[in-house]
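# Architecture at a glance
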Amino acid sequence: MKKFTISLFTVIMMVALFFSGSAFAANSDVGVTYRAHIQNIGWSQGWVSNGTMAGTSGQSLRLEATEINLVNAPTNAKINYFVHVQNIGDQKPDRFNGQLAGTEGMSLRLEAIHITLENMPGYSVMYRVHVQDIGWQEWVSDGAIAGTTGQSLRLEGLEIKIVKLADLTAYNAALAAVTEDQVKSGWAEYQAVVNANVVTVNNTQAEVDLATMNIVNAQAKLVLFANMDAYNAALAAATEDNFTTDSWKLYQVVVLTNVVTRDNTQAQVDTATANILAAQKNLVAAADLTAFNDAVSIYVAMGGDNSSGVYTNRTWDDYAWAVNKWACFNHDGVWVSSITKDSAQVTVDFAAAQIADKKAKLVMTLDYTAYHEAILPITNDNSDPITGRRVYTEQSFYHFVRATEVYRNLAETTKLQSDVDFATGMILGLQSDLVAIDRTLFDAAMEAYLVLEPNADNYSSNTWCAYQAAFDAGVAVDNNKRSDQADYDTATANLLAAQDNLVVNAVVVVQSITKDSIGPVFVGSNVLTIAQNIVDQAYGDGFVVTIESQNRAVINNDGLVRAGGYADVKFHVTEIADPSNAGAVIRGFDVPAV
């Protein structure tokens, strides 16, 4: 029970300290003083303190205001309060430390009060009020309402006191000192004591201290499992990799003969722990292989194989020869090394130094991966490898080829990776001067033409011819290697303008004039007006409609329906801007007789 004995001693000392602390708290002078402004009396009653009544009872005199102060409190402590006043309600913000809450000279009653403490840990403010028609209410504390609201009942008396809360530090420490998994027997009896000694901050300090002592005394009767912490720590302190093979085998004999569990006595566990710690002193530290492992790391990582040409053959052969004096991969691909943790440290260090010297002299073959990526614009001759179209403007590409020439010559003639890397960096920097051709809008405009082309007959021949000419000009720009962004932008603008200028073929427009679209006609209606409105709404105001009636007695050439009967009407639609864009259609109408 060694661990619990220490814990129990700690708890007993804490209880002793808090017993003395309780005596000190009992003599504390922390308190409260307050006064009330009373109907017909005013402030003349004076200050009262620590639970004495301020106000009256049995005289039906209202409280109208109050002032409250702490006594012998810490410098930064505050007592905050606010009241509920007749016709005003809650009077905010809070008053504090002697400030007036309520009113003077207005004959307004106080109906309720709230009081709190600030920066006063370990203390509570309790208060109660004498209420009209109710009498003394129960004590409340720490911000709770004392009095009433919404009932128009006056406060007549007020009592306030500061109460030191019980300190539960030692009590909580006692509860935490032991848990069920530490106890071999006696837990049920102990829990009965704990349950019989439940206390809170609202108990007196004496009650808390007595409960704490009862719990500590009950803990002393518990039978605990052995504490395994030191034993487990001793086992974890030594690991096989850190010691030589032979010394570890001898150590394991001691460990296996000193196996204990928490069901053993504490003395048995302590003896086993001492034996294991003593055996650890006889362990022989393994050789430090850090430098050796670092020296052979490249060889191991590459599986002893440089066939991919990462390093030059000569420097790799020297490095491999140095490694293979001490270690190698066998026929099964298993790493076999004569340098182990059981080797003498001087031997390990000698082997590591030999191999590290050759490792430092390894020379990598030149890596052109990044370089080839950097010169792709030149390799591809400024063409997209998929579409074959130019990627950059001809002028910027020409300057790029000229500007990178010296660096390309350096990279392609050097034997040093540093030269290749330098040339690559410079070429990548010059790529920022390349001006990419942005064909996004151009391609969209060209695609729009191809979408409309199958329905070219739906547009007037003049406007479609202009649109086709703009498209052909765009094709020419795209095929011209010297075209720059401005050429593409101009071609795009021309193509979009020609598209916007397309006018529907009048033959198509006139088809919108049908018996259904015109609707029923009656004497007095005008089919020409109706037809013009149909065309205007569908195609804008760029077309004019005229008619030729085959029976002018029924419908005349102005479109007016004059009488009942049947008439064929030929509708003509003509583009105002281009009279050659015209179309006609005949519709028959049955006009009901009037």
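Figured I'd write up the structure that's included with this text. (Residues numbered from 1 in each chain as written. Predicted model: local features only at pLDDT ≥ 70, side-chain atom pairs only at ≥ 80, totals over all residues. Heavy atoms only, no water.)

## Details of the environment of K481
- Counting through the fold element by element, K481 comes out in the loop between α17 (461–479) and α18 (485–500).
- With residues near it in sequence (within four places) discarded, K481 still touches R390 and E394. (Helix = DSSP H or I, 4+ residues; strand = E, 2+ residues; numbered from the N terminus. Contact = heavy atoms within 4.5 Å.)

## Focus: the sheet that holds strand β8 (residues 101–102)
- What the 4 strands build is an open sheet, ordered β2-β1-β4-β8; its pairing is antiparallel. A single partner strand is all that each edge strand has here, and the edge strands are β2 (48–49) and β8.
- Relative to strand β4 (residues 63–71), strand β1 (residues 31–38) runs antiparallel, the two sharing 8 bridges. Residue pairing for β4: Y34 is matched across the bridge by I68. (Pairing = 2+ DSSP bridges.)

## Quick word on helix α7 (residues 266–280)
- Over its 15 residues, α7 runs 21 Å from end to end, which matches the ideal 21 Å to within 8%, given 1.5 Å per residue.
- Of the residues making up α7, those classed as buried are Q266, V269, A272, T273, I276, A279 and Q280. Down the axis, α7 shows its buried residues gathered within 155° of arc, on one side only. (Expected span 1.5 Å × (residues − 1). Buried < 20%, exposed > 50% of the residue type's maximum accessible area, 1.4 Å probe, protein only. Arc of directions from axis to C-beta.)

## A closer look at the packing of aromatic side chains
- Applying the stated criterion to the full structure yields 20 aromatic pairs.
- Geometrically, the ring pair formed by W326 and F350 is edge-to-face, given 6.2 Å between the ring centres and 80° between the ring planes. Separated by 24 residues along the polypeptide, W326 in the loop between α10 (313–324) and β17 (327–329) and F350 in helix α11 (residues 345–360) bring together distant segments of the chain.
- Ring pairing ties together the aromatic residues Y299, Y311, W316, Y319, F329 and W335, which thus form one cluster.
- If you follow K92 out to its NZ or CZ, it ends over the ring of F82, 3.7 Å from the centre. (Phe/Tyr/Trp six-rings, centres within 6.5 Å; stacked < 30°, edge-to-face > 60°. Lys NZ or Arg CZ within 6 Å of the ring centre and 35° of its normal.)

## Looking at unusual backbone geometry
- With an omega of 0°, the peptide bond running from K92 to P93 counts as cis.
- Following the sequence through the fold, P93 ends up in the loop between β6 (89–90) and β7 (95–96).
- Despite not being glycine, N97 has its phi angle at roughly 45°, a positive value.
- Relative to the assigned elements, N97 resides in the loop between β7 and β8.
- Note on N97: relative accessible area 29%, which makes it partly exposed.
- The residue D133 is not glycine, and still its phi comes out positive at about 70°.
- Checked against the element boundaries, D133 lands in the loop between β10 (123–131) and β11 (135–136).

## Notes on helix α21 (residues 527–539)
- The terminal C-alpha atoms of α21 lie 18 Å apart, and with 13 residues this matches the ideal 18 Å at 1.5 Å per residue to within 8%.
- Among the residues making up α21, those that are buried are V527, L528, A531, Q532, I534 and V535. For α21, the arc enclosing every buried residue in end-on projection is 160°, short of the 170-degree limit, so these residues lie on one face.
- Considering only its buried residues, α21 is in contact with α19 (506–510), α20 (515–518), β19 (543–549) and β20 (565–575).
- At the N-terminal end of α21, a side-chain oxygen is found 2.9 Å from the backbone nitrogen of L528, two or three residues along, and the residue is N526.
- Positive backbone phi, at 85°, marks G540, one or two positions downstream of α21. (Polar contact = N/O pair within 3.5 Å; in protein donor to acceptor, adjacent residues only side chain to side chain.)

## Considering the pattern of salt bridges
- Taken as a whole and judged by the stated rule, the model has 12 salt bridges.
- Across the pair E111 and R109 runs a salt bridge, and its minimum N-O distance is 2.9 Å. A single burial state applies to E111 and to R109, both of which are buried.
- One salt bridge connects R128 with E159, and the closest N-O pair in it is separated by 2.8 Å. Note that R128 is positioned in strand β10 and E159 in strand β14 (residues 155–164), a separation of 31 residues in sequence.
- Take R128: its relative accessible area is 21%, and that puts it in the partly exposed class.
- The network of salt bridges with common partners includes R389, R439, D443 and D478. (Salt bridge = Lys/Arg side-chain N within 4 Å of Asp/Glu carboxyl O.)

So, to be careful, I would describe these as geometric facts and stop short of saying anything about function.
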